[in-house]
Amino acid sequence: MIYEPSPQAVVFFFLFVAITLGLSFYLGGKAKSSQGYFTAHGQIPWFVNGIAFAGDYLSAASFLGICGMIAFYGYDGFLYSIGYLAGWIVALFVIAEPMKRLGKFTFADALDSKFQSRGIKLAAGVSTLAVSVFYLIPQMVGAGVLVQPLLGFPHWVGVVLVGVTVILIVVSAGMVSTTWVQFLKGSLLVLFSAILTWMIIERGFEVKAGGEDGYEFQTLGPVSTGSEFAGLPALKGTTPVPPEGPWTDTNFRRFRNDATGIVSVWSEAEIAPGQLVLREAQSMTQTTDGKTLVNGQVKGTKKGEAELHPVGNITKLPGGESRTGKLGFLSFFSTLQNSEVVLWGNQKLTEPDGTKTTVYFQKPTAGSQVLRPGEHPTFSGIRSTKLLDKLNFLSLMLALFCGTASLPHILIRYYTVKDAAAARKSTIVGIASIGFFYVLTLYMGLGAMTSGSMDVTNSNMAAPLLARSMNEWLFAAISAIAFTTVLGTVSGLILASAGAVTHDLVTHAFGVELNDGEKVRVAKITSVFVGAIAIVLGIVFKEMNVSYLVGWAFSVAASANLPALVMLLFWKGTTRQGIIAAVVVGMTSSLGWILLSADTFTKVYGLPASNALVPFSQPGIVTIPLGFLTLIVVSLMTQPKTAAE
Amino acid sequence: MRQRNARIGMVLFCVYLLLYGGFVFLNAFAPETMEVLPFAGVNLAILYGFGLIIAAVLLALIYGWMCKPDDEDVVRNEVEK
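Keep in mind that what you see is a predicted model, and the values were worked out from it rather than measured.

Observations concerning the overall build of chain A
Of the regular secondary structure elements, chain A holds 22 helices and eleven strands. The C-alpha radius of gyration computed for chain A amounts to 26 Å, which stays within 12% of the reference 26 Å derived for 645 residues, consistent with globular compactness. Taken over the C-alpha atoms alone, chain A extends approximately 90 × 50 × 50 Å along its principal axes. Burial statistics for chain A: of 645 residues in total, 56% are counted as buried. Across chain A, the fraction of contacts at a sequence separation of at least 24, relative to all contacts at a separation of at least 6, is 76%.

So this is what it looks like as structure tokens:
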């Protein structure tokens, strides 16, 4: 089986969580005032804070999602790496220092520093909550995805485990412990990724016909068009299953073994004009009586029983070599450029009686194609001739660029250092470590693609499975780090929400007077509450794609927060009403756009994409300028008398 | 000093915006240019992508090196001492 529970991983995992919790309880003893709880007394050293930035930022989506996307589709996942890092430039050059000067606890403080308005606090507090909760969902889903194979627990146990641990961390110590957790995890993540990358380069590439379980996938033929495959020696003793129902218009061919009755699935492909081959496919079937069949047999749980084979192999290397041996950091790419890799596609088929089959089929792909942009469905628009398809891509890249500087849990980190210079220095450290990590993602993703250890059903597990193909201890370490990654990001988000509720909503917007101790208590109660909501959402959204949800959070953050933040810093004419309007319009328009988009129609509501009410799925290119426009128009309409005269 | 830092920040931001914008628009409107192999058999998509990451780190370092400590911070730090 691809996921055999590993005792080392289990021991390592619990050790990691225990150390993390122990550290937070220990350091938590030092934070008593609300200053200490929310901003660690502003005394975190800039270098530690910088690495903690990396810890906060390199979430489950960065580590698991990007590696997985590269492993399954090639270069496209790297576009996310580039966009995520570019956002830091906005944060450093435009936002960091003024943010530090203006605010005290939260992003709303900074927005409101000039006006002391309840409306601004309310709007900014709500937008902080909205972005944080949306960003929390993929993290929680990621936690469940990780725990399932690692420890053998069901998805919901993983989500509850993360939720409870994080609530403990946050309630016990606040920003001090969260920062140290992030520092620890950020450094380990970068270090172990570097080790993994070095091992990939050392291992080089090798031609194989299947994955690391030793199973070799067959290719039959070629036969010329019109002749029958059934006569081939490999299919002796089988009978073709006539295509019916959903199988009719597919490239899939099925053969039933006359002796065992087991049905195998193959995909037909034309390799040259008039020349057809059959490539062995894998299938997973959910029958109406609740059974799961793998490649036609009842799915097993023990060694030797039916299960999907791990995949990811190179079928051709340049010059007809069978293995390359050690490679260089550039020859890694130039070798792959001239090789052929087997990627896997999938197609879901539903029979009239409700039986659902997913067929996973081989797609031998030229290396030059794997290393170019535009192969993933999200990015395929760039090869289209229609402008609208290209707009979707531009819109996503814009949201990634603008989103980082508006994420509340990143913004609050500017208040944990002592001054603007320290904020600047820690951002530089953050950029350097995050940038280094993102360079490694391309190696890790492509290494995973060719490691023979991929699970065709789940791209999120690519990085941990790659580590296991190297050695068991590395797998244990990477899984534990991936898990703490989720823990750390979730604690940061919960703290940001707690800060928003305590300062922006309760104290300022609703005008409740709280003393220091009460503020911390309100924040802790909020943390428990938000944590509980996150647990529930993590279970409910189990089936949703992780990176899809992250893109959502980035778009909302950029549309709601960035226009207000930038205009406040750079335009003297900005008014209170303008800020409130921009936050509200940016937040609702981006949310509304996403809810009405083709992606949401197909993935969430299960409706056809053609019913969608907006022309493309990514809102950023429309809603970010809309936020700016709203702010300018409303501000001009509400200029104070003195300024107008 | 604050003015000066902000001005340096804006200049460097514009430099990066040009680089990033160039990458995004090349991808969107001339994706085939990303497949050419300008150096060591590695395609432009990878070289430009790595270039953007290295450029971000370099610009960040330049910024950190050129910026002077804030007046306000200097005063505040002295008061705290």
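Moving on from the coordinates now.
Considerations on the overall build of chain B
Scanning chain B from terminus to terminus reveals three helices and zero strands. Sequence-ordered secondary structure for chain B, helices as α and strands as β, is α-α-α. A buried classification covers 30% of the 81 residues belonging to chain B. Taking the intrachain contacts of chain B between residues at least 6 apart in sequence as the baseline, contacts between residues at least 24 apart amount to 63%.

With respect to the environment of glutamine 182 of chain A
Residues and elements named next belong to chain A. Take glutamine 182: it is sitting in helix H9 (residues 175-203). Spatially, the C-alpha atoms of glutamine 182 and tyrosine 57 are 9.4 Å apart, while their sequence positions differ by 125 residues. Excluding its chain neighbours within four sequence positions, the residues that come into contact with glutamine 182 are Ala52, Gly55, Asp56, Gly488 and Gly492.

What about the sheet that holds strand E1 (residues 219-224) of chain A?
Residue and element names in this part refer to chain A. Read across the open sheet, the five strands follow the order E1-E5-E4-E3-E2; overall the sheet is antiparallel. In this open sheet, the two strands that pair with only one neighbour each are E1 and strand E2 (238-241). Taking the axes of each pair of neighbouring strands and ignoring which way they run, one obtains an average angle of 35° across the sheet. Across six bridges, the pairing between strand E4 (residues 263-272) and strand E5 (residues 275-280) is antiparallel. Looking across to E5, one finds that tryptophan 266 is bridged to glutamate 280.

Some remarks on the sheet that holds strand E9 (residues 313-316) of chain A
All names here are of chain A. The six strands lie next to each other as E8-E7-E6-E11-E10-E9, forming an open sheet whose pairing is antiparallel. Strand pairing shows two members of the sheet lacking a second neighbour, strand E8 (297-298) and E9, which therefore form its edges. Pairing geometry for E9 and strand E10 (residues 340-350), over three bridges, is antiparallel. Directly across from isoleucine 314, in E10, lies its bridge partner valine 341.

Comments concerning the interface of chain A and chain B
With 38 residues of chain A in contact, the opposing surface of chain B contributes 36 residues. Among the elements of the structure, helix H5 (76-102), helix H10 (331-337), helix H12 (387-403) and helix H14 (420-449) of chain A are those that each provide at least two residues to the side of chain A that touches chain B. The class makeup of the residues in the side of chain A that touches chain B is 26 nonpolar, five polar and seven charged.

Notes on the pairing of strand E3 (residues 252-257) of chain A
Residues and elements named next belong to chain A. Of the pairings in the sheet, the one linking E2 to E3 comprises four bridges and is antiparallel in character. Of the residues in E3, the one forming a bridge with valine 241 is arginine 254. The pairing of E3 with E4 spans five bridges and is antiparallel. Residue pairing across strands places phenylalanine 252 opposite serine 267, the latter belonging to E4. Between E3 and E4, which follow one another and run antiparallel, lie five residues, and glycine 261 among them has a positive phi close to 80°.

Quick notes on the domain arrangement of chain A
Residue and element names in this part refer to chain A. Split into domains, chain A comes out as domain 1 (44-204 + 389-644) and domain 2 (219-383). The C-alpha centroid of domain 2 is placed 36 Å from the C-alpha centroid of domain 1. The interface is formed by 26 residues belonging to domain 1 together with 28 residues belonging to domain 2. Of the residues that constitute the side of domain 1 that touches domain 2, the class distribution is 13 nonpolar, eight polar and five charged.

A short note on helix H15 (residues 462-470) of chain A
Of all nine residues that make up H15 of chain A, eight are buried, and the element is covered over most of its length. Within the sequence span of H15 of chain A, burial applies to Ala462, Ala463, Pro464, Leu465, Leu466, Ala467, Arg468 and Ser469 of chain A.

The rules behind each value
Residues numbered from 1 in each chain as written. Chains lettered and ligands numbered in written order. Predicted model: local features only at pLDDT ≥ 70, side-chain atom pairs only at ≥ 80, totals over all residues. Helix = DSSP H or I, 4+ residues; strand = E, 2+ residues; numbered from the N terminus. Rg over C-alpha atoms; globule rule 2.2 N^0.38 Å. Buried ≥ 20, exposed ≤ 12 C-beta atoms within 10 Å, placed from the backbone. Contact = placed C-beta atoms within 7 Å. Pairing = 2+ DSSP bridges. Axes fitted to C-alpha atoms, helices over the stretch in contact; angles between N-to-C directions. Nonpolar A, V, L, I, M, F, W, Y, C, P; charged D, E, K, R; others polar. Domains from an automatic or database assignment.

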